[in-house]
Amino acid sequence: MIQARLHDDSLLDVTVQGDGPAVLLPVNTAVVEGEAAEQMRAWGADPALGHTLAARLADAGLRVIAADYEGHLDLHPKPHTLTAANVAADLLAVADAAGAERFAYYGYSWLALAGLQLALRTDRLWALAMGGYPALGGPYAEMLAVTRTAHRMALAARDRQPGPAAEPTPGDWDSVEFTRTPDQTQQYVTLYESLEDFDDQAALDRLAVPRLVFAGAKDNITYGPKWDDAYVPIAERVEEHRAELVARGWRVELIPDADHMSAMQVGTVLPILEPWLTSHRPGR
């Protein structure tokens, strides 16, 4: 088993499959089964998403380096050190563990944000693909507010006497009993606080590798009262800056009728990502 040593000295399992130019995917390649899989499907998630994505890209002639970074953070939270710089360092450590000097990167949602931070801190990428997070006009302030609310809820849940949990309604996040720990939520507060002064407009001038950003056309997230009625514009920001991004050399896609969950599914992602990666692979 290959393992990457992260910034806090913890170890992250890394898998490699396929031959060809390397692409780093921060995904879980294990297939979730049983009751956990049924719960994932009820909420619109795919229990085999990472597995299928890695396998299909490997079949397309790429060397896929995969590591479940988000799952690792759930088990080994880094409440005071998960800064943008350390996230980028962790992703480089994954590439190093797999012996990849040059590699492409694809991440979705906050892991797309992580890819942008990685691309700004290394010259080792041959392509950057971001899904479900704007490359320009990113909702950094909005996500800082959401993560601070989540942390406040985690602290309240820790201090509250446990009682019978109500059955959540799939799709209704306000109906979900909050079970995250304060350390798990604090690490994302730390991440977004480290980005409070980040100027993505200026940062994009420093990127020259092939770049792709996509999102669901309905991917604007409205939270309920438990979350202070927060609103996170994703599709709106992608559309707002589409012309400028295209002028800067980005490929920009808005997927009709797709929201944050549906736009991350393999059947939606692969028709965009696979031909784009293969068309930009080194040596072509």
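Everything that follows concerns the structure shown earlier in this document.
Residues numbered from 1 in each chain as written. Predicted model: local features only at pLDDT ≥ 70, side-chain atom pairs only at ≥ 80, totals over all residues. Heavy atoms only, no water.

Participant: Quick one: what's the story with the overall build of the chain, residue by residue and with numbers?
Facilitator: Counting its regular elements, the chain contains 11 helices and 10 strands. For the chain, the residues scored as buried account for 51% of the 284 residues in total. Total accessible area on the chain stands at roughly 12900 Å², and carbon and sulfur atoms take up 51% of it. (Helix = DSSP H or I, 4+ residues; strand = E, 2+ residues; numbered from the N terminus. Buried < 20%, exposed > 50% of the residue type's maximum accessible area, 1.4 Å probe, protein only. Areas by Shrake-Rupley, 256 points an atom, 1.4 Å probe, with all protein chains shown as cover.)

Participant: Give me the environment of T185: which residues, what numbers.
Facilitator: You can see T185 is positioned in helix 7 (residues 182-193). The exposure class of T185 is buried, given its relative accessible area of 5%. Along the sequence, T185 and D74 sit 111 residues apart, while their C-alpha atoms lie 9.3 Å from each other.

Participant: Go over helix 4 (residues 84-97) with me, naming the residues and quoting the values.
Facilitator: End to end, helix 4 covers 20 Å across 14 residues, agreeing with the expected 20 Å (1.5 Å per residue, within 8%). Every buried residue of helix 4 is listed here: A84, V87, A88, D90, L91, L92, A93, V94 and A95. Positive backbone phi, at 70 degrees, marks G99, one or two positions downstream of helix 4. (Expected span 1.5 Å × (residues − 1).)

Participant: Describe unusual backbone geometry, with residues and values.
Facilitator: The phi dihedral of D228 is positive, around 60 degrees, even though this residue is not glycine. Assignment of secondary structure puts D228 in the loop between strand 8 (220-222) and strand 9 (231-233). At D257, a position not held by glycine, the phi torsion is positive, near 60 degrees. Note on placement: D257 falls in the loop between strand 10 (250-255) and helix 11 (266-279).

Participant: Please give an account of the packing of aromatic side chains that cites residues and values.
Facilitator: Summed over the entire model, instances satisfying the criterion amount to seven aromatic pairs. Both rings, one in Y69 and one in W110, keep their centres 6.2 Å apart while their planes meet at 40 degrees; by these two values the pair is tilted. Of this pair, Y69 sits in helix 3 (residues 69-75) while W110 sits in helix 5 (residues 110-119); the two residues are 41 residues apart in sequence, bridging distant segments of the chain. Since its relative accessible area comes to 2%, Y69 is described here as buried. Both rings, one in Y140 and one in F198, keep their centres 5.5 Å apart while their planes meet at 80 degrees; by these two values the pair is edge-to-face. Residue Y140 is found in helix 6 (residues 140-159), and its partner F198 is found in the loop between helix 7 and helix 8 (200-203); the two are separated by 58 residues along the sequence. Judged by its relative accessible area of 8%, Y140 falls in the buried class. Chaining the aromatic ring pairs together yields one cluster made of Y69, W110 and Y188. (Phe/Tyr/Trp six-rings, centres within 6.5 Å; stacked < 30°, edge-to-face > 60°.)

Participant: Would you mind going over the pattern of salt bridges in detail, with residue names and values included?
Facilitator: In this structure the tally under the stated criterion is 13 salt bridges. Note that R237 and E142 form a salt bridge whose closest N and O atoms lie 2.8 Å from each other. Linking R237 in helix 9 (residues 235-240) with E142 in helix 6, this pair joins segments that are 95 residues apart in sequence. A salt bridge links D205 to R248, with the nearest nitrogen and oxygen atoms 2.7 Å apart. A residue pair is termed long-range when its members are at least 10 positions apart, and D205 in the loop between helix 8 and strand 7 (211-216) and R248 in the loop between helix 10 (242-247) and strand 10 qualify at 43 residues. With a relative accessible area of 58%, D205 lands in the exposed category. Among the charged side chains, a network of salt bridges with common partners joins D96, E101 and R124. (Salt bridge = Lys/Arg side-chain N within 4 Å of Asp/Glu carboxyl O.)

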